[in-house]
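The primary structure of each chain is shown beneath.
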Amino acid sequence: MNDNINEHSQMKAQAAIARLERFSKLTDSSIGIPFTKFNIGLEAVIGLIPVIGDAAGLILSSYVLIEAQRLGVSKRIKTKMIINMIIDFVGGLVPFFGDIFDAFFKANTRNTQLLKKHLNKQLSE
């Protein structure tokens, strides 16, 4: 019985990571910049709208945090995620340079990788 619960938890975690990786790619790196190897995502494009775009990006970023909460991730990991979200939001508020910062910081990808690393560590124990 306990093996079934553990297997179910592992499948649930893997499905969440797969969703978050797709989400992170869409928001952080789905749009290729012509003649470069650099990609930006929808969040960087939305962030071009002063303040409102950055607030929308913050709301989008909360999806990764919500998935972490559903998976029962520790407060320490969620705090790291929130810090990444705040850095991304505040950095994005700076006119012009904030848009460049948004394109490079990629908070959703950072938070997805943080969650993935944490879950893999948990599952291997």
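Computed from a predicted model, the values in this text were never measured in an experiment.

Cut-offs applied
- Residues numbered from 1 in each chain as written.
- Predicted model: local features only at pLDDT ≥ 70, side-chain atom pairs only at ≥ 80, totals over all residues.
- Heavy atoms only, no water.
- Helix = DSSP H or I, 4+ residues; strand = E, 2+ residues; numbered from the N terminus.
- Patch = residues over 30% accessible without salt bridge, like charges linked within 9 Å, V, L, I, M, F, W, Y side chains within 5 Å.
- Areas by Shrake-Rupley, 256 points an atom, 1.4 Å probe, with all protein chains shown as cover.
- Salt bridge = Lys/Arg side-chain N within 4 Å of Asp/Glu carboxyl O.
- Axes fitted to C-alpha atoms, helices over the stretch in contact; angles between N-to-C directions.
- Parallel < 35°, antiparallel > 145°, perpendicular 65-115°, else oblique.
- Contact = heavy atoms within 4.5 Å.
- Nonpolar A, V, L, I, M, F, W, Y, C, P; charged D, E, K, R; others polar.

(A) Examining the environment of S74 more closely. If you trace the backbone, S74 turns up in the loop between α3 (52–70) and α4 (75–93). S74 sits 39 residues away from Q113 along the chain, and the two C-alpha atoms are 15 Å apart.

(B) Representation of a nonpolar patch on the surface within the structure. A cluster of nonpolar residues, L26, I31, L42, V45 and L48, forms a patch on the protein surface that exposes about 390 Å² of accessible area. The topology assignment puts L42 in helix α2 (residues 42–46).

(C) Highlighting the packing of α4 against helix α5 (residues 97–105). Direction vectors running N to C along α4 and α5 enclose 150°, while the axes themselves pass 7 Å from each other. By the angle between their axes, α4 is roughly antiparallel relative to α5. Together, N84, I87, D88, G91 and G92 of α4 and G98, F101, D102 and F105 of α5 make up the contact between the two elements. Split into classes, the residues belonging to the contact of α4 with α5 amount to three nonpolar, four polar and two charged.

(D) Summary view of the packing of α3 against helix α6 (residues 107–124). In the contact formed by α3 and α6, the axes pass within 9 Å of each other and the chain directions differ by 10°. In terms of axis orientation, α3 runs roughly parallel to α6. For the pair α3 and α6, the contacting residues are S61, V64 and A68 in the first and N108, N111, T112 and L115 in the second. Of the residues assigned to the contact of α3 with α6, the class counts are three nonpolar, four polar and no charged.

All quantities given are derived from atomic positions and should not be read as evidence of function.
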